[in-house]
Amino acid sequence: MSPEVADSRSELDLIDSFLQDVVAGLSLPQKALPPKYFYDAPGSKLFEKICRLPEYYLTRAELSLTRKNLSSIARFAGKGCDLLEYGSGESVKTRLLLRGVRPSAYVAVDISPAALLGAVRKLSRAFPKLSITGLAGDFSRPLKIPAFEGRRRRVVYFPGSTIGNLSPQEAQAFLRMTRGQVGPRGAMLVGVDLKKDATVLHAAYNDSRGVTAAFNLNLLARINRELGGDFDLRAWRHYAFYNAPLGRIEMHLVSLKKQVVDIALHRFTLAAGETIHTENSYKYSMEEFRALAALGGFAARKVWTDRKGLFALFGLEAA
Ligand code: SAH
Ligand code: AVI
């Protein structure tokens, strides 16, 4: 690990938890894998490609609403605050925010050391006077945040609709944990993908170039690479659809035939047509997200949207 990015997790611990999660997920009646494992180095690169696809409106909409409302967002965050970003990835939107907010310190947390290292290096060059820390870790577990020990206002930035990859119960628990971290004077900026025409959603997760399919299949390739699995990638197909009653895009991998897969000392049998559920991406109405924030201990004080009303950035304050 480079000195620019801290990682308290050992390589062995990481492989161990990955194997345990894979074995547990593939032993469920509806097989499932946690989406956080999409993001190894090739997975992060594929996600960066997704963000640039014509069908994937989310990134462009959030970038455009952030540009348009930057001074109002900066006033809400408060100049000189301590800024922490969860799931920072490429930190592209962050560049705008750092210019507007001018925080005292910026901490980027991401599960993907490769993405984090690239982003922190670029940001350090662009903002040489800013204190920037990269922390490789899992935001669903409590993390010790070095910059959050002072008395300045603490603001957590959680863009990109990453909150949509958590179930509403997980999102509520995550908001509660963050509410504890930012304290009574703290705030959160959360990017939320809004409910919309199902055909627009469908296209965003079934792009014509097959990048989302490659991103989904990379999860099996990663199991092969890191856990010695023997998934035959040609025997699987990407499948994503909008589940309207549950308000979420579901991503699955469909087994194209009856097959047996070995991973370390574990063996799994899959029927033809059986799926592995790999990701949910929840879409919220404004009211639904306000209610969720309240359950998490936050009041939605501000909301900024793009011109077409596709995406929203919520300014939450401790309730
Ligand atoms: N914030 C960026 C990237 C969003 S993609 C944007 O708005 O475009 C989601 C990011 O969260 C990825 O970089 C991924 O590596 C990271 N991530 C996913 N699950 C995580 C977890 N449990 N802990 C920490 N980071 C996670
Ligand atoms: C990171 N996350 C918000 C993306 C999403 O839209 O749910 C991940 C993704 N999955 C497929 N395409 C993009």
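Structural data are supplied above this passage.
Because the structure is a prediction, the values reported are computed rather than measured. (Residues numbered from 1 in each chain as written. Chains lettered and ligands numbered in written order. Predicted model: local features only at pLDDT ≥ 70, side-chain atom pairs only at ≥ 80, totals over all residues. Heavy atoms only, no water.)

### Side note on the site of ligand 2
Argument step 1. Contacts to ligand 2 come from 14 residues, most closely from Tyr56, Asn165, Tyr205, Glu279 and Ser281.
Argument step 2. Separating a nitrogen atom of ligand 2 from a side-chain N or O atom of Glu279 is a distance of 2.7 Å.
Argument step 3. Within the side chain of Ser281, a nitrogen or oxygen atom sits 2.6 Å from an oxygen atom of ligand 2.
Argument step 4. In the complex, 98% of the free accessible area of ligand 2, which totals 340 Å², lies under the protein chains.
Argument step 5. Those elements giving two or more residues to the shell around ligand 2 turn out to be α2 (41-51), α9 (211-227) and β11 (275-282).
Argument step 6. By residue class, the composition of the shell around ligand 2 is 7 nonpolar, 6 polar and 1 charged. (Near = heavy atom within 4 Å. Polar contact = N/O pair within 3.5 Å; in protein donor to acceptor, adjacent residues only side chain to side chain. Areas by Shrake-Rupley, 256 points an atom, 1.4 Å probe, with all protein chains shown as cover. Helix = DSSP H or I, 4+ residues; strand = E, 2+ residues; numbered from the N terminus. Nonpolar A, V, L, I, M, F, W, Y, C, P; charged D, E, K, R; others polar.)

### A short note on the site of ligand 1
Argument step 1. If you check the shell around ligand 1, you find 17 residues, and the closest are Gly87, Lys93, Asp110, Asp138 and Phe139.
Argument step 2. Between Gly87 and ligand 1, the recorded distance is 2.7 Å, taken from a backbone N or O atom to a nitrogen atom.
Argument step 3. If ligand 1 stood free it would expose 570 Å²; the protein chains cover 92% of that surface.
Argument step 4. Its residues assigned to classes, the shell around ligand 1 shows 5 nonpolar, 7 polar and 5 charged.

### Describing the pattern of salt bridges
Argument step 1. Scanning the model with the defined rule gives 16 salt bridges in all.
Argument step 2. A salt bridge links Lys283 to Asp193; the nearest nitrogen and oxygen atoms lie 2.8 Å apart. Taken together, the residues Lys283 in the loop between β11 and α10 (286-295) and Asp193 in strand β6 (residues 187-193) connect sequence positions 90 residues apart. For the pair Lys283 and Asp193, a shared accessibility class is recorded, and that class is buried.
Argument step 3. Two residues, Glu288 and Lys195, come together in a salt bridge whose shortest N-O distance is 2.7 Å. Of this pair, Glu288 sits in helix α10 while Lys195 sits in the loop between β6 and α8 (198-204), and the two are 93 residues apart along the sequence.
Argument step 4. Each of Arg153, Arg301 and Glu317 takes part in one network of salt bridges that share partners. (Salt bridge = Lys/Arg side-chain N within 4 Å of Asp/Glu carboxyl O. Buried < 20%, exposed > 50% of the residue type's maximum accessible area, 1.4 Å probe, protein only.)

### Some words on the nonpolar core
Argument step 1. Ranked by internal contacts, the top residues of the largest apolar core, which has 65 residues, are Leu189, Phe231, Trp236 and Ile263.
Argument step 2. The element that contributes the greatest number of residues to this core is α9, accounting for 7 residues.
Argument step 3. Once you skip the residues sitting within four places of it in the chain, Leu189 turns out to touch Ile73, Phe76, Leu97, Val155, Val156, Tyr157, Phe158, Trp304, Leu313, Phe314 and Gly315. (Core = buried A, V, L, I, M, F, W, Y, C linked by side-chain atoms within 4.5 Å. Contact = heavy atoms within 4.5 Å.)

### Here we look at the environment of Leu166
Argument step 1. In this structure, Leu166 sits in the loop between β5 (154-158) and α7 (168-182).
Argument step 2. Once the C-alpha coordinates of Leu166 and Ser17 are considered, the two residues, 149 residues apart in sequence, prove to be 19 Å apart.

### As for the sheet that holds β11
Argument step 1. Read across the sheet, 3 strands follow the order β7-β8-β11 without closing on themselves; strand pairing throughout is antiparallel. Two strands lie at the open edges of the sheet, namely β7 (236-243) and β11, each paired on one side alone. Averaged over all pairs of adjacent strands, the angle between their axes in this sheet comes to 20°, without regard to strand direction. (Pairing = 2+ DSSP bridges. Axes fitted to C-alpha atoms, helices over the stretch in contact; angles between N-to-C directions.)

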